[in-house]
Amino acid sequence: MKYHKILGPPAQVFFACLLVFCVIQSKGQTISPYLYGQNAWMPSFIYNGHFERVIDNLRNAGNRPFKVIRIGGTTFDDNPPTWAQYENLIHKIRSIGAEPLVQVSIASNSTYAANFVHWLNNTRGLNVKYFSIGNEPDLGWVNERVDGNTITWGNDIASYFKSRASAMKAVDPTIKIFGPDFSFFVDNVDNPNWDPMARWQYPLLNNNDHGLWGQDANGNYYIDYYAFHVYQYVTPSNVERKLDTVLDKISAINSNYRDAANPLGWAITETNITTNNDNVGTHDKTWSFYTGQHIAQLLGLGMKYKAFTVAPWSIHESNGARTALDLGFFDSSPSYSPRSAYYHLQMLSAKAKKNYAWGYTNNAKVKQVATWDETGYAVMVMNDNTTGGNYTLRLNYDTQFNTYLVYIDVGLAKQYQSYLGPNETQMVFFDTHGNYVGKITYNKTNAGNRQPPSYTGSTPDRTNSRVANGAKTLVSTTGPGLEVRYSTTGLNIINKAVKTGLEVRIMDLSGRLLYNTSVDSPQGTTTIPYAFERHKIYLCKTIFKDHVVQDKLVFE
């Protein structure tokens, strides 16, 4: 990560809440299971950081909001840790059910990169799937020589990137590679005299010898996810405008040059509202209430445009002291109190549904993120105004665009009425029939008092994340009178009532079916043998009629 200047806060507008939320259930857009990302900054061996202690706190509290955590940044390029230190971080990350995204330094060479992958995956058996090559070559490596080439623009990156990627995939062709992790997401609309995207990013997405999207002599693609960082000119609407341009190029690559089984994806591997809190007002400091809403909006863009991950920088830095370069999600030790950014990400990670749903608001300071799946609907409504107001959330879209009205196009003759307070976020839940079942409320006062969100009604997790020692049994109550007990040797389904027609599906994290069985379960206990492997992540779905609960399992 590097530090840049950003624009100030947007102008104040009068409060009016109008949302449109459209769900096309026959064409559900699935959200990446790794969307909710983070960066492993700062670990204990760098400036006595607190990363490991924060992870331990999350694990002990049973909180596992992050699905992928990147081990990367400027320091990991300039002065990489020892391989043993990488291994320790990988174990920490997996202890909360996340997967590591491991950066290989630009300062290394292709031999080092190949040996590193071999040591992690073959020697140590860590099965790391996600790697990135380098960090911010458009900033920290300008005019530096890498593999004999001077880095001056995008075309110069292709040589070192391809050599390392090819060597890494020769060792393990199953890994996925991210990069180049550019720092600037600015074009000539932001500044007519400065267009780093044209200089750095676009050349690598064009059809020429310098493009990264092709295959090596072994038939392995050099890059699987085009990754970049988002800091400067970072308002969500500005990010979305530039995303349209970048994703148009990626779409053209996928249509013309990639096979259907290996499309080029994309990811934001660093982002935050600022890079220096001294350059922004109270509204936009990284510990402010609004920063949580900002992070939620970027996650919403990740849902909408199918990002692999949106990974804020960072989990904890500068001792959480709320100083200029403190961009973390938690305050200082020993409490490590979570900030608004954490709570907003946590709400979406634990409570959002599996599919993205399009939405709209007519007020520049009222935003939404909407999701749905077979269990119902979840709508996060965010008010950045200093005033509040009543609103009606309708579950059928029409043309009656009245103030304080929320539309959800799911074809249900239902509506929900409530009050949206000033500087407040609500996450509202409905069942499959459009009946209100509960909501989460979190506001600026809560953030200022270091209080968590409050829960009203029923807000069940989309996926219950569970991590245990291999010898420990995990218990999941999946419905009235029905319980599932997991161990490394299988499942015991305890039927306390007379229930039939139960189905059990075991999948990997990508959703690939590993095991499926139907159980005509009598009253009592039914045993289903399955050998769960340690250090792997499983999704286990139990289905009885229209009741579905999915558990995310990790056996240490």
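It should be emphasised that the depicted structure is a prediction, and the values quoted were computed from it without experimental measurement. (Residues numbered from 1 in each chain as written. Predicted model: local features only at pLDDT ≥ 70, side-chain atom pairs only at ≥ 80, totals over all residues. Heavy atoms only, no water.)

As for the packing of aromatic side chains
By the definition in use, this model includes 34 aromatic pairs. Note on Phe330 and Tyr342: the rings are 4.9 Å apart at their centroids and 45° apart in plane angle, and the pair reads as tilted. Of this pair, Phe330 sits in the loop between helix H8 (289-304) and helix H9 (340-351) while Tyr342 sits in helix H9; the two residues are twelve residues apart in sequence, bridging distant segments of the chain. In terms of burial, Phe330 and Tyr342 fall into one category: buried. Ring pairs connect the aromatic residues Trp41, Phe76, Trp83, Tyr86, Tyr112, Phe116, Trp119 and Trp313, which therefore count as one cluster. Cation over ring: Lys249 sits above Tyr202, and NZ or CZ is 5.0 Å from the ring centre. Above the plane of the ring of Tyr221 lies Arg258, whose end atom (NZ or CZ) is 3.8 Å from the centre. (Phe/Tyr/Trp six-rings, centres within 6.5 Å; stacked < 30°, edge-to-face > 60°. Helix = DSSP H or I, 4+ residues; strand = E, 2+ residues; numbered from the N terminus. Buried < 20%, exposed > 50% of the residue type's maximum accessible area, 1.4 Å probe, protein only. Lys NZ or Arg CZ within 6 Å of the ring centre and 35° of its normal.)

A closer look at unusual backbone geometry
Following Trp313, the chain continues to Ser314 via a peptide bond in cis, the omega torsion being 10°. Tracing the backbone through its elements, the reader meets Ser314 in the loop between H8 and H9. Despite not being glycine, Asn127 has its phi angle at roughly 50°, a positive value. Tracing the backbone shows Asn127 in the loop between helix H4 (110-123) and strand S6 (130-133). Although it is not a glycine, Glu136 sits at a positive phi angle of roughly 50°. If you trace the backbone, Glu136 turns up in the loop between S6 and strand S7 (145-146). Residue class for Glu136 comes out buried when judged on its relative accessible area of 0%.

Section: the pattern of salt bridges
Applying the stated criterion across every chain, the model contains 19 salt bridges. Between Arg322 and Asp331 there is a salt bridge, and its shortest N-O distance comes to 3.0 Å. Its relative accessible area of 28% is what places Arg322 among the partly exposed residues. Lys354 serves as the salt-bridge partner of Glu374, at 2.8 Å between the closest nitrogen and oxygen. Of the two residues, Glu374 is situated in the loop between strand S13 (366-373) and strand S14 (376-383) and Lys354 in the loop between H9 and strand S12 (355-361); the sequence distance between them amounts to 20 residues. (Salt bridge = Lys/Arg side-chain N within 4 Å of Asp/Glu carboxyl O.)

Some remarks on the sheet that holds strand S10 (residues 225-230)
Spatial strand order, S3-S4-S5-S6-S9-S10-S11: seven strands in an open sheet with parallel pairing. With partners counted over all chains shown, the strands left at the sheet margins are strand S3 (37-39) and strand S11 (265-271), one partner each. Geometrically, the sheet is characterised by an average inter-axis angle of 30° between neighbouring strands, direction not taken into account. (Pairing = 2+ DSSP bridges. Axes fitted to C-alpha atoms, helices over the stretch in contact; angles between N-to-C directions.)

Notes on helix H7 (residues 236-256)
Taking 1.5 Å per residue as the helical rise, H7 with its 21 residues ought to reach 30 Å, and the 30 Å between its terminal C-alpha atoms agrees with that figure. Along H7, the positions that sit buried rather than exposed are Pro236, Asn238, Val239, Lys242, Leu243, Val246, Leu247, Ile250 and Ile253. Next to the buried residues of H7 lie helix H6 (196-201), S10, S11 and H8. (Expected span 1.5 Å × (residues − 1). Contact = heavy atoms within 4.5 Å.)

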